[in-house]
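Each chain, written out:
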Amino acid sequence: MVVERVSSELQTMWIERLPIFPMLMSNYHIRSAYGYFSEKKRGEVFLTFHPDTRPGFAAYLYGSLVGAGIRVLRDDHPYLIGTHVNQGILNAIHHCKILIPILSENFASSQWCLDNLAEMVDCKRKKGQKILTIFYKVKFSDVKNISGSFGKNMLEHKEKVRPLVYGRWEEALDEITSSKIWESEKVANGGRNEAELSTKVVKEVLMLVTNPQKLDPS
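Here is what the cut-offs are and how they apply
Residues numbered from 1 in each chain as written. Predicted model: local features only at pLDDT ≥ 70, side-chain atom pairs only at ≥ 80, totals over all residues. Heavy atoms only, no water. Buried < 20%, exposed > 50% of the residue type's maximum accessible area, 1.4 Å probe, protein only. Helix = DSSP H or I, 4+ residues; strand = E, 2+ residues; numbered from the N terminus. Arc of directions from axis to C-beta. Contact = heavy atoms within 4.5 Å. Axes fitted to C-alpha atoms, helices over the stretch in contact; angles between N-to-C directions. Left-handed = near helix turned anticlockwise from the far one by under 90°. Nonpolar A, V, L, I, M, F, W, Y, C, P; charged D, E, K, R; others polar. Salt bridge = Lys/Arg side-chain N within 4 Å of Asp/Glu carboxyl O. Disulfide = S-S within 2.5 Å. Parallel < 35°, antiparallel > 145°, perpendicular 65-115°, else oblique.

> Teacher, can you tell me more about helix α8 (residues 148–158) here?
For an α-helix, the turn length of 3.6 residues means that residues three or four places apart are oriented alike. Turning to α8, its buried residues number three or more, namely Phe150, Gly151, Asn153, Met154 and His157. All buried residues of α8 lie within an arc of 160° about the axis, which places them on one face of the element. Where α8 is buried, its residues meet β3 (98–103), α6 (111–127), α7 (140–144) and α9 (163–176).

Quick look at the structure:
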């Protein structure tokens, strides 16, 4: 946790730390220069997850990706790309080449997580970004069929949100269960461990980053 916090702090440009940063950004020339220099820190990967995986696998994967030299933005570090939380996250999703949602048993309990996932799918369809979905200790069938504890969390939202919103979430779940995934529920049963899973994901991301032609709408 200390390493990832320090890494995040180091990615923040010195100008962003100035108390007068918002005032400076109102100036066109300053804003243009900032955009030029901050281009290098723009993320290649956007990582979203439920807080139940933050102190464990999500932190491990984040550290592995950063250690491999990959620029990563997380949904709990929106200040890297903006001061407004929602807008910052939207910017990250729209500008990162690879989108990685970590679906856990409690993922569907968060409207925030479901909104992020739906936005990822929209970007995949419209801009050709890649989504690499990880099923972390949650059954693929529960997500695919919206059943089990995952489905129970989803259904709790059904009467609280507009039908269009719920339908957008359902479409997103249907989309990601039709794409390449990694299942990791076997981690709890002594099967494939987190380090091995993380290594596979990092290898895939490096392959996509170094081969831009693979980052297409297909």
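> So what exactly am I meant to see when it comes to the packing of α6 against α9 here?
The angle between the axes and the distance between the axes are what describe a pair of packed helices. In contact at an axis separation of 9 Å, α6 and α9 are set at 60° when each is read in the N-to-C sense. Between α6 and α9 lies a crossing of left-handed hand. Where α6 abuts α9, its residues Gln111, Leu114, Asp115, Leu117, Ala118, Glu119, Val121, Asp122, Lys124 and Arg125 lie against Arg168, Trp169, Glu171, Ala172, Leu173, Glu175 and Ile176. Here the residues of the contact of α6 with α9 sort into eight nonpolar, one polar and eight charged.

> I'm lost on the pattern of salt bridges in this one. Help?
Throughout the structure, instances matching the rule amount to seven salt bridges. A salt bridge links glutamate 119 to arginine 168, with the nearest nitrogen and oxygen atoms 2.9 Å apart. With a gap of 49 residues between them, glutamate 119 in helix α6 and arginine 168 in helix α9 connect regions that are remote in the sequence. Under the relative-accessibility criterion, arginine 168 is labelled partly exposed at 28%. The shortest N-O distance in the salt bridge between arginine 168 and aspartate 122 comes to 2.7 Å. Residue arginine 168 is found in helix α9, and its partner aspartate 122 is found in helix α6; the two are separated by 46 residues along the sequence. Connected through salt bridges with shared partners, the residues Lys124, Arg125, Glu171 and Glu175 form a single ionic network.

> Explain the state of the cysteines to me, please; I cannot follow it from the model alone.
Note on terminology: a disulfide is the covalent bond linking the sulfur atoms of two cysteines. For the structure shown, the criterion picks out zero disulfides. Cysteine 123 takes part in no disulfide bond, and the closest cysteine sulfur to it belongs to cysteine 96, at a distance of 9.8 Å. By relative accessible area, which is 2% here, cysteine 123 ends up buried.

> Teacher, can you tell me more about the environment of valine 45 here?
With respect to the helices and strands, valine 45 occurs in strand β1 (residues 45–49). Measuring from C-alpha to C-alpha, the distance between valine 45 and histidine 95 comes to 9.0 Å, with 50 residues separating the pair along the chain. Apart from the residues within four sequence positions on either side, valine 45 is in contact with Leu65, Ile70, Arg71, Val72, Leu73, Cys96, Ile98, Ile100 and Val205.

> Honestly, the packing of α8 against α9 in this entry has me stumped. Any pointers?
Contact geometry of α8 with α9 gives a least axis separation of 10 Å together with a crossing angle of 155°. With respect to α9, the axis of α8 lies roughly antiparallel. The way α8 lies across α9 gives a crossing that is left-handed. Where α8 approaches α9, its residues Phe150, Met154, Leu155, His157 and Lys158 are matched on the opposing element by Tyr166, Trp169, Glu170 and Leu173. Looking at the contact of α8 with α9 residue by residue, the class counts come to six nonpolar, one polar and two charged.

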